[in-house]
Amino acid sequence: MTILPDNAAIVSAIQLLKSAAEVSRQRRLLVLAGDKEWSSAVIAEYLAEAAETIVSSKLVWIGEQPNLPQLQSMPSSKARQLLGQEVELLIYDGWSGIDADALAASSGAIAGGGLFILLLPTLSSLTAFLDPQYQRLLVYPYTLEHINARFLARLQHYIATDKALLLIEQGQAVPQQKIPVKTASPLIASPDHCLTADQSQAVAAIMSVQRGHSRRPLVISSDRGRGKSSALGIAAAELLEQGIQTITVTAPSRQSVVALFDQVSRLLGVDSANKNSINYHQSQLIFAALMNSSAISPIPIYC
């Protein structure tokens, strides 16, 4: 006779996965596959247990507004607003619609040690799921019957075969996980406030732009979550300390540079919350939307 896990056992499994993410400073993916009411109840219990350890401003729900007051929510169409931000726990409600672009954009906001939770129907029924996103894709004369769920079939395959994620299905036993063991950190202790050698090199390159030839740009390219925004923030703080009068940060929106402003605020000990500028002695860091090109200073930082 198989004893099925209760919600408390599932919550313990989620806590263990979060601990493993924190120890390794890696992002982890959890898929909760089952009835919508079941997955919502599991999330509610997990959040109640984690209330003292996860900052509410670092929690995001993608999808229809849940009945969970501690979560800020946004529709999948707004997921790109998360780019440039850092989220500790992101819950994507697949019942509200599975948008491939939103999945990619929102996953890029997960900080090291963070957790991405994807809520879905059971895997066996996923390709038969009438995804609300289908209505956005339909054009005359096509109807729902013409959609063959190729993306959902691909998603189903990868969830079923990827050993790096944790899949918990309603009515099934919870997979065993290894107890996280802290090992030698891949991070470096650096006087320049950087966490990795690559980030340290990026900061040095940014600083050299200010000292080098005028009008010579620097392009930094890397995968999401590798610390580009933090590197820009570290360099901006150093330049302000050196007395550079004005630095302008440009991006599509202020939300895109939250991590950068937070880094500058932390290093200089100033408040940056919901502000478009930081004043430090006689120097200033200014945010200007990309459309406002006239505001760009001689030392712009593009995000």
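Everything below is about the structure shown above.
Model, not experiment: these values are computed from the prediction. The residue numbering used here restarts from 1 in each chain and proceeds along that chain's sequence as written. Under the rules for a predicted model, residues below a pLDDT of 70 receive no local features and side-chain atom pairs below 80 are neither given nor counted, while totals for whole chains, interfaces and linings still include all residues. As a rule here, side-chain values come from all non-hydrogen atoms in the structure, and water together with hydrogens is ignored.

### Some words on the pairing of strand S5 (residues 110-120)
What counts is decided by this rule: Whether a residue is buried, partly exposed or exposed follows from its accessible area with a 1.4 Å probe, protein chains only, as a fraction of its type maximum: under 20%, in between, or over 50%, in that order. Only DSSP runs of H or I reaching four residues or more are called helices, and only runs of E reaching two or more are called strands; each is numbered from the N terminus. Pairing between two strands requires that DSSP report at least two bridges joining them.
The buried count for S5 comes to 10 of 11 residues, which makes it a mostly enclosed element. Sheet analysis places strand S1 (residues 28-33) next to S5, joined by 6 bridges and oriented parallel. Counterpart to Leu30 in the pairing with S5 is Ile117. Bridge count between strand S4 (residues 87-93) and S5: 6 bridges; the pairing is parallel. Across the sheet, Leu89 pairs through a bridge with Leu115, a residue of S5.

### With respect to the pattern of salt bridges
Let me state the cut-off plainly: Salt-bridge detection follows one rule: a side-chain nitrogen of Lys or Arg within 4 Å of a carboxyl oxygen of Asp or Glu.
Enumeration according to the criterion identifies 5 salt bridges in this entry. For Lys18, the salt bridge goes to Glu88, with nearest N and O atoms at 3.2 Å. Placement of the pair is Lys18 in helix H1 (residues 7-24) and Glu88 in strand S4, with a sequence separation of 70 residues. Of the two residues, Lys18 and Glu88, neither departs from the other in class, the shared state being buried. Connected through salt bridges with shared partners, the residues Lys18, Glu22 and Glu88 form a single ionic network.

### Considerations on a nonpolar patch on the surface
Applicable threshold: For patches, a residue must show more than 30% relative accessible area and have no salt bridge; joins then use 9 Å for like charges and 5 Å for nonpolar side chains, namely Val, Leu, Ile, Met, Phe, Trp and Tyr. Note on areas: Shrake-Rupley with a 1.4 Å probe; residue coverage comes only from the protein chains shown.
A surface patch of nonpolar side chains, about 200 Å² in accessible area, is lined by Val209, Leu218 and Ile220. Relative to the elements of secondary structure, Leu218 occurs in the loop between helix H6 (197-211) and helix H7 (228-241).

### So, the sheet that holds strand S6 (residues 166-169)
How we decide: Fitted lines through C-alpha atoms serve as axes, helices being fitted only where they are in contact, and the angles separating the N-to-C directions of these axes extend from 0 to 180 degrees.
Here we have 6 strands laid out as an open sheet, ordered S3-S2-S4-S5-S1-S6, and parallel in their pairing. Across the chains shown, the open sheet's two edge strands, defined by having one partner strand only, are strand S3 (72-74) and S6. When strand polarity is set aside, the average angle formed by the axes of neighbouring strands in this sheet is 20°.

### Some points on the packing of H1 against helix H2 (residues 36-50)
Selection rule: Should an angle lie under 35 degrees it is considered roughly parallel, over 145 roughly antiparallel, and from 65 to 115 roughly perpendicular; all remaining angles are considered oblique. Two helices cross in a left-handed way if the nearer one is turned anticlockwise from the farther one by less than a right angle. They cross in a right-handed way if the turn is clockwise. Any two residues whose heavy atoms approach within 4.5 Å are treated as being in contact. Classification convention: Asp, Glu, Lys, Arg as charged; Ala, Val, Leu, Ile, Met, Phe, Trp, Tyr, Cys, Pro as nonpolar; all other residues, Gly among them, as polar.
One way to put it is that H1 packs onto H2 with a least axis distance of 9 Å and a crossing angle of 60°. Judged by the inter-axis angle, H1 sits oblique to H2. Considering how the two elements wind past one another, H1 and H2 form a crossing that is right-handed. Listed contacts from H2 to Asn7, Ala8, Ile10, Val11, Ile14, Gln15 and Lys18 of H1 are Trp38, Ala41, Val42, Glu45, Tyr46 and Glu49. Class assignment of the residues belonging to the contact of H1 with H2 gives a composition of 8 nonpolar, 2 polar and 3 charged.

Fair warning: the whole summary comes from geometry, so function is off the table for now.
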